[in-house]
Amino acid sequence: MSFDTFLDNWTPPVKEIKPEPTPDVIAEGDILLANWGYEANNPHFFKVVKRTAKQVTVMQLKNETVSLTHDGLGGKMVKPSDQPQTWSVWRDNNYGVNEQKPVILKKKVHLDSEGNECIQLAYYAWAFKWKGQPAHDYNWH
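Every value quoted in this text rests on a predicted model; they were computed, and no experiment measured them. Residue numbers restart at each chain and count upward from 1, following the sequence in its written direction. Given that the model is predicted, a residue must reach a pLDDT of at least 70 before its local features are reported, and side-chain atom pairs must reach 80 or more before they are shown or counted; all residues, however, enter totals for whole chains, interfaces and linings. Where side-chain values are given, they derive from all heavy atoms of the structure, hydrogens and water being excluded.

Novice: Before we move on, could you go through the environment of Trp87 and cite the residues and values that matter?
Specialist: Note on placement: Trp87 falls in strand β5 (residues 87-88). Taking the C-alpha atoms as reference, Trp87 lies 9.6 Å from Gln100; in sequence the two are 13 residues apart. Per the convention used, a helix needs a DSSP run of H or I reaching at least four residues, while a strand needs a run of E reaching at least two, with both numbered from the N terminus.

Below, the structure written as structure tokens:
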């Protein structure tokens, strides 16, 4: 086979082009998850009730137990319930116990290193779009 024949019959290899991942964008109705803690894992869920260009208003939701874990940490798996939380550790608008009003927070929208939108609850806690999987809630104290 001559080189010319080879070139006539040659098909260049196809390079698979993977699409760039689409960054998460926070929208009204989304559920956010903040998973924080040093010697514990404290998941807190929030529902976005309002969105502007630079800010979101979120309502904290109560955790609903999905199952207990048997990992030696005494934890459980939780998901967001439909019920608003009426007490919160986040010192925004309503710190402490208020059995009548849901916890409502207004937070600036930030971008993480991958371009995903998130909110900062405290210097140690950030909330991101919830991916739909139960979160591990434990405290060994």
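What follows continues from the structure just given.
Novice: Go over the pairing of strand β7 (residues 104-111), please, and point to the residues and values.
Specialist: In this description, strands pair whenever DSSP reports at least two bridges between them. Pairing between strand β3 (residues 55-68) and β7: five bridges, direction antiparallel. For Val56, the partnering residue across the bridge sits in β7 and is Lys107. Here β7 pairs with strand β8 (residues 117-122) via three bridges, running antiparallel. Note that in β8 the partner of Leu111 across the bridge is Glu117. The hairpin formed by β7 and β8 contains five residues between the paired strands, and Gly115 there has a positive phi angle of roughly 85°.

Novice: Which residues make up the nonpolar core, and what values do they have?
Specialist: In these notes, a set of buried Ala, Val, Leu, Ile, Met, Phe, Trp, Tyr and Cys residues joined through side-chain atoms within 4.5 Å is what counts as a nonpolar core. Burial classification: accessible surface area is computed with a 1.4 Å probe over protein chains only, and a residue below 20% of its type maximum counts as buried, one above 50% as exposed, and the rest as partly exposed. Of all hydrophobic cores here, the largest spans 17 residues; its most connected members are Leu32, Phe46, Val58, Trp90, Ile119 and Leu121. Those elements that provide at least two residues to this core are β1 (31-36), β2 (40-51), β3, β7, β8 and β9 (125-129). If you look at the next biggest cluster of nonpolar residues, it comprises six residues, including Leu33, Phe45, Met59 and Val78.

Novice: For the layout of surface pockets, give the residues involved together with the corresponding values.
Specialist: Vacant regions in the atomic arrangement are exposed by a probe of water-molecule size rolled over the atoms. Think of a 1 Å grid over the protein atoms and nothing else: a 1.4 Å probe that fits but is trapped marks a cavity, an open set flanked by protein within 12 Å on at least five of seven lines marks a pocket, and residues with an atom within 4 Å of a point count as lining. Grid points are joined across faces, edges and corners, and a volume is the space filled by probe spheres set on the points. Computed from the structure, the largest pocket encloses a volume of approximately 180 Å³. For the lining of the largest pocket, the secondary structure elements donating two or more residues are β2, β3 and β5. For the lining of the largest pocket, the element with the most residues is β3, which contributes four residues. Side-chain classes are defined by residue name, with Ala, Val, Leu, Ile, Met, Phe, Trp, Tyr, Cys and Pro counting as nonpolar, Asp, Glu, Lys and Arg as charged, and the others, Gly among them, as polar. Of the residues that constitute the lining of the largest pocket, the class distribution is five nonpolar, six polar and two charged.

Novice: Can you explain the packing of aromatic side chains? Please cite residues and give values.
Specialist: We call Phe, Tyr and Trp rings a pair once their centres come within 6.5 Å, taking the six-membered ring for Trp, and we label the pair stacked below 30 degrees between planes, edge-to-face above 60, and tilted otherwise. Across all of its chains, the model carries three aromatic pairs by this definition. A ring pair is formed by Trp36 and Tyr124, whose centres lie 5.3 Å apart and whose planes are at 55°; its orientation type is tilted. Of this pair, Trp36 sits in strand β1 while Tyr124 sits in the loop between β8 and β9, and the two are 88 residues apart along the sequence. By relative accessible area, Trp36 is classed as buried at 17%.

Novice: Could you give an account of the environment of Trp130, naming the residues involved and the relevant values?
Specialist: Within the secondary structure, Trp130 sits in the loop between β9 and β10 (135-139). The partly exposed category is assigned to Trp130, whose relative accessible area is 23%. With near-sequence residues (within four places) excluded, Trp130 lies in contact with Ile31, Leu32, Leu33, Phe45, Lys79 and Pro80. Pairing of N or O atoms within 3.5 Å defines a polar contact, subject to two protein rules: one partner must be a possible hydrogen donor and the other a possible acceptor, and residues neighboring in sequence count only if both atoms are side-chain atoms. Of the polar contacts made by the side chain of Trp130, one reaches the backbone oxygen of Gln133; its length is 2.8 Å. Any two residues whose heavy atoms approach within 4.5 Å are treated as being in contact.

Such coordinate-based values are descriptive only and should not be taken to indicate function.
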